[in-house]
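Given next are the chains, with one letter for each unit.
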Amino acid sequence: MVKNLNQWLFLSINNLAGKSDVLDRLGVFLGEKGPYIFIALIVYIYFKKQNKKEAIYATITVILAILLNHFVELFYYHPRPFADGLGLVLKEHIADSSFPSDHTTFMLALSWSLIMFKKTKKMGKNMLVLGILLGLCRVFEGVHYPFDILGATVMGYFSAVIIYRLKGAFEPLINLILKTDDKIFRRA
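Residues numbered from 1 in each chain as written. Predicted model: local features only at pLDDT ≥ 70, side-chain atom pairs only at ≥ 80, totals over all residues. Heavy atoms only, no water.

## Examining the overall build of the protein chain
Check the secondary structure of the protein chain and you find 7 helices and 0 strands. From first element to last, N terminus to C terminus, the protein chain shows the α and β order α-α-α-α-α-α-α. The dimensions of the protein chain, computed from C-alpha atoms along their principal axes, are 55 × 35 × 25 Å. With 188 residues in all, the protein chain has 44% of them scored as buried. (Helix = DSSP H or I, 4+ residues; strand = E, 2+ residues; numbered from the N terminus. Buried < 20%, exposed > 50% of the residue type's maximum accessible area, 1.4 Å probe, protein only.)

## Digging into unusual backbone geometry
The step from Phe99 to Pro100 runs through a cis peptide bond, and the omega angle for that step is -15°. The residue Pro100 is located in the loop between helix H3 (52-75) and helix H4 (102-115) in this model.

## Things to note about the packing of H3 against H4
Here H3 crosses H4 at 145°, and the two axes come no closer than 8 Å. Here H3 runs over H4; the crossing is right-handed. Touching Glu54, Tyr57, Ala58, Thr59, Thr61, Val62, Ala65, Ile66, Asn69, His70 and Glu73 of H3 are Asp102, Thr105, Phe106, Ala109, Leu110, Ser113 and Leu114, all from H4. Within the contact of H3 with H4, the residues separate by chemical class into 9 nonpolar, 6 polar and 3 charged. (Axes fitted to C-alpha atoms, helices over the stretch in contact; angles between N-to-C directions. Left-handed = near helix turned anticlockwise from the far one by under 90°. Contact = heavy atoms within 4.5 Å. Nonpolar A, V, L, I, M, F, W, Y, C, P; charged D, E, K, R; others polar.)

## Some thoughts on H3
Between its first and last C-alpha, H3 extends 36 Å over 24 residues, near the 34 Å set by a 1.5 Å rise per residue. What H3 keeps buried is the set Lys52, Glu54, Ala55, Ile56, Tyr57, Ala58, Ile60, Thr61, Val62, Ala65, Ile66 and Asn69. Those residues of H3 that are buried lie in contact with helix H2 (21-47), H4, helix H6 (146-165) and helix H7 (167-184). (Expected span 1.5 Å × (residues − 1).)

## Some details on a nonpolar patch on the surface
On the surface, Tyr36, Ile39, Val43, Phe47, Ile184 and Phe185 cluster together into a nonpolar patch covering about 600 Å² of accessible area. Sorting elements by how many residues they give to the nonpolar patch places H2 first, with 4 residues. On the secondary structure map, Val43 appears in helix H2. Among the residues examined, Val43 registers a relative accessible area of 40% and is labelled partly exposed. (Patch = residues over 30% accessible without salt bridge, like charges linked within 9 Å, V, L, I, M, F, W, Y side chains within 5 Å. Areas by Shrake-Rupley, 256 points an atom, 1.4 Å probe, with all protein chains shown as cover. Salt bridge = Lys/Arg side-chain N within 4 Å of Asp/Glu carboxyl O.)

## Looking at the packing of aromatic side chains
Applying the stated criterion across every chain yields a total of 7 aromatic pairs. Ring geometry for Tyr57 and Phe117: centres 5.5 Å apart, planes at 25°, overall stacked. Of this pair, Tyr57 sits in helix H3 while Phe117 sits in the loop between H4 and helix H5 (121-141), and the two are 60 residues apart along the sequence. Like Tyr57, the residue Phe117 is buried in the burial classification. (Phe/Tyr/Trp six-rings, centres within 6.5 Å; stacked < 30°, edge-to-face > 60°.)

## Details of the side chain of Ser113
If you trace the backbone, Ser113 turns up in helix H4. Residue classification places Ser113 among the buried positions, given a relative accessible area of 2%. Separated by 3.4 Å, the side chain of Ser113 and the backbone nitrogen of Ala58 make a polar contact. Leaving out residues up to four positions away in the same chain, Ser113 has contacts with Tyr57, Ala58, Thr61 and Ala160. (Polar contact = N/O pair within 3.5 Å; in protein donor to acceptor, adjacent residues only side chain to side chain.)

## Details of the side chain of His78
Within the element layout of this structure, His78 appears in the loop between H3 and H4. Given the relative accessible area of 15%, His78 is considered buried. The contacts of His78, once residues within four sequence positions are left out, are Asn6, Asp96, Ser97, Ser98, Phe99, Tyr145 and Asp148.

Structure, rendered in structure tokens:
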């Protein structure tokens, strides 16, 4: 039942592919470059918004989330849609485990982490919506199932909660990073 729902949702989104060259190129671009957009946003938050601690916590959250993804992949293999013979593939991809989506986990871990902090909550919510849309571009491309995106959403949230709850333990590291940053940019 779940597999059928996942495949049905996949085909509902992926069936939009191959109908417009412009839409296909846009979908592939956004699906592939989404994490770079989020890197630019976190750099902006760090330097321009002056929310350095929140940006560092978000980066630590991403590291945990990606490590957890790889841990899941050690014990659970889920084929990509094209490995199941489904859909149209717009961008070649290796046939490794698709669950959860690393691209989407990266984007949503940053987003969920920023939501945890009052000063960055609004930006985090906006990034969460963008990240989910960009994650769905991976479904459109034919390289992920919708439940891979859902799994990434949960993984990002779970990681953000862990880091937020342990934030006191990270304060010495955060302060060291900020002191180093001040020395490098001569703001001491």
